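The primary structure of each chain is shown beneath.
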Amino acid sequence: FRSGAVASVLTGQNKPPSRLARADLFASKTGFQLLELNQGSAVGGSDNVDMCRALLRNPVLADFARAHGLGYVDTVRTQVDTMFAETGLEPGSHPVVALTRWPTKRFDKMLEPYLAAVAVDWRQYGVDAHGCHIGELSRRQGRIWLRGRPVDAIFRMFYIGQLHESKQAPALLAPVLGAAAAGEVKLCAPPESDMFSSKAALVMVS
């Protein structure tokens with residue numbers, strides 16, 4: 001596990017840490033307090049906007065929101081905007097993006113339909129998005145391919161801690177990291193950005 005994780009970090013693109021982050025807050029008598037700040041591509045939350053829209057279909061909650069001037073952020077749009085900003089792809093270019101998870105028997109039944117639903121949401125914002133796991137990606141002819149499609153960008157939705165679940169981790173990662181290093185595909189939230197998502201990083205500022 002350690003050799004696979006270290007290799008994925010050392011093969012990194014030396015870019016700034018990903019801006020994908022989620023603040024976990026709780027309400028107190030004096031206002032909202034920050035519990036923790038989660039950073040990295042596996043923070044989730046793209047479906048927050050769907051939950052907000054569903055809640056506001058309730059007339060009581062809708063009246064309460066209007067009375068207190070409450071709104072919400074379109075988390076799908078911000079996620080897509082972040083992908084464009086970090087990859088350098090142009091909005092409106094309709095890139096093919098692989099929403100990529102790690103293959104794991106424990107969560108396959110849950111993650112496969114979830115990523116399919118996220119892909120549908122992304123397509124509303126001009127992205128040809130497709131859910132997959134990293135083992136479905138292949139490298140040939142100077143590109144990364146997914147089910148016969150050349151991929152413009154990979155949106156990594158797994159954390160490097162999952163690498164220990166498979167002895168095939170180095171073999172699965174090598175084509176993706178090699179293609180990203182060669183400029184054959186854009187990689188949003190490269191593995192080295194996970195260093196900053198570890199709570200152990202707090203030691204450096206303690």
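Structural notes, computed from the coordinates.

Cut-offs used in this document
Residues numbered from 1 in each chain as written. Predicted model: local features only at pLDDT ≥ 70, side-chain atom pairs only at ≥ 80, totals over all residues. Heavy atoms only, no water. Helix = DSSP H or I, 4+ residues; strand = E, 2+ residues; numbered from the N terminus. Expected span 1.5 Å × (residues − 1). Buried < 20%, exposed > 50% of the residue type's maximum accessible area, 1.4 Å probe, protein only. Arc of directions from axis to C-beta. Contact = heavy atoms within 4.5 Å. Core = buried A, V, L, I, M, F, W, Y, C linked by side-chain atoms within 4.5 Å. Phe/Tyr/Trp six-rings, centres within 6.5 Å; stacked < 30°, edge-to-face > 60°. Lys NZ or Arg CZ within 6 Å of the ring centre and 35° of its normal. 1 Å grid on protein atoms, 1.4 Å probe; cavity = no way out; pocket = protein on both sides within 12 Å on 5 of 7 lines; lining within 4 Å. Points joined across faces, edges and corners; volume = space filled by probe spheres on them. Nonpolar A, V, L, I, M, F, W, Y, C, P; charged D, E, K, R; others polar. Salt bridge = Lys/Arg side-chain N within 4 Å of Asp/Glu carboxyl O. Polar contact = N/O pair within 3.5 Å; in protein donor to acceptor, adjacent residues only side chain to side chain.

Comments concerning helix α5 (residues 108-123)
Step number 1: Taking 1.5 Å of rise per residue, 16 residues should cover 22 Å, and α5 covers 22 Å from first to last C-alpha, within 8% of that figure.
Step number 2: Those residues of α5 that fall on the buried side of the exposure criterion are Leu115, Val118, Ala119, Asp121 and Trp122. All buried residues of α5 lie within an arc of 155 degrees about the axis, which places them on one face of the element. Facing away from the buried surface of α5 by more than 90 degrees, the exposed residues are Lys109 and Glu112.
Step number 3: Buried residues along α5 sit against α2 (48-55), α4 (75-87), β3 (96-101), β4 (128-133) and β8 (153-156).

Re the nonpolar core
Step number 1: Residues Met83, Val97, Leu99, Trp122, Val127 and Phe155 are the most contacted members of the largest nonpolar core, which totals 20 residues.
Step number 2: Broken down by secondary-structure element, the contributors of at least two residues to this core are α4, β3, α5 and β8.
Step number 3: Not counting chain neighbours up to four residues away, the residues in contact with valine 97 comprise Met83, Trp122, Val127, Asp128, Ala129, His130, Ala153 and Phe155.
Step number 4: The next biggest cluster of nonpolar side chains, apart from the first, holds 19 residues, and it includes Val96, Leu137, Leu173 and Ala180.

Description of the packing of aromatic side chains
Step number 1: Taken as a whole and assessed by the stated rule, the structure comprises two aromatic pairs.
Step number 2: A ring pair is formed by tryptophan 102 and phenylalanine 158, whose centres lie 5.2 Å apart and whose planes are at 55 degrees; its orientation type is tilted. Taken as a pair, tryptophan 102 in the loop between β3 and α5 and phenylalanine 158 in the loop between β8 and α6 (169-181) lie far apart in primary sequence, 56 residues in all.
Step number 3: Residue class for phenylalanine 158 comes out buried when judged on its relative accessible area of 3%.
Step number 4: With centroids separated by 5.0 Å and ring planes inclined at 70 degrees, the aromatic side chains of tryptophan 122 and phenylalanine 155 adopt a geometry described as edge-to-face. Of this pair, tryptophan 122 sits in helix α5 while phenylalanine 155 sits in strand β8; the two residues are 33 residues apart in sequence, bridging distant segments of the chain.
Step number 5: We note arginine 156 situated over the ring of phenylalanine 158; from NZ or CZ to the ring centre the distance is 5.6 Å.

Points about the layout of surface pockets
Step number 1: Of the volumes computed, that of the largest pocket is approximately 980 Å³.
Step number 2: Lining the largest pocket are 32 residues; nearest its centre among them are Asn48, Cys52, Tyr72, Val73 and Thr75.
Step number 3: When contributions to the lining of the largest pocket are tallied by element, the ones reaching two or more residues are β1 (21-28), α2, α3 (59-67) and α4.
Step number 4: By residue class, the composition of the lining of the largest pocket is 18 nonpolar, 11 polar and three charged.

Some points on the pattern of salt bridges
Step number 1: This model, assessed by the stated rule, comprises six salt bridges.
Step number 2: A salt bridge links arginine 22 to aspartate 24; the shortest N-O distance between them is 2.8 Å.
Step number 3: Of the charged contacts, one joins glutamate 184 and arginine 139 as a salt bridge, the two residues approaching to 2.8 Å between their closest N and O atoms. Here the residue glutamate 184 occupies a position in the loop between α6 and β9 (186-188), and arginine 139 occupies one in strand β5 (residues 137-140), the gap between them amounting to 45 residues.

Focus on α3
Step number 1: Here α3 starts with a cap whose side-chain oxygen sits 2.9 Å from the backbone nitrogen of valine 60, and that cap is asparagine 58.
Step number 2: Taken from the residues just after α3, glycine 69 is the one with a positive phi, measuring 65 degrees.

Purely spatial values, then, with no claim about function.
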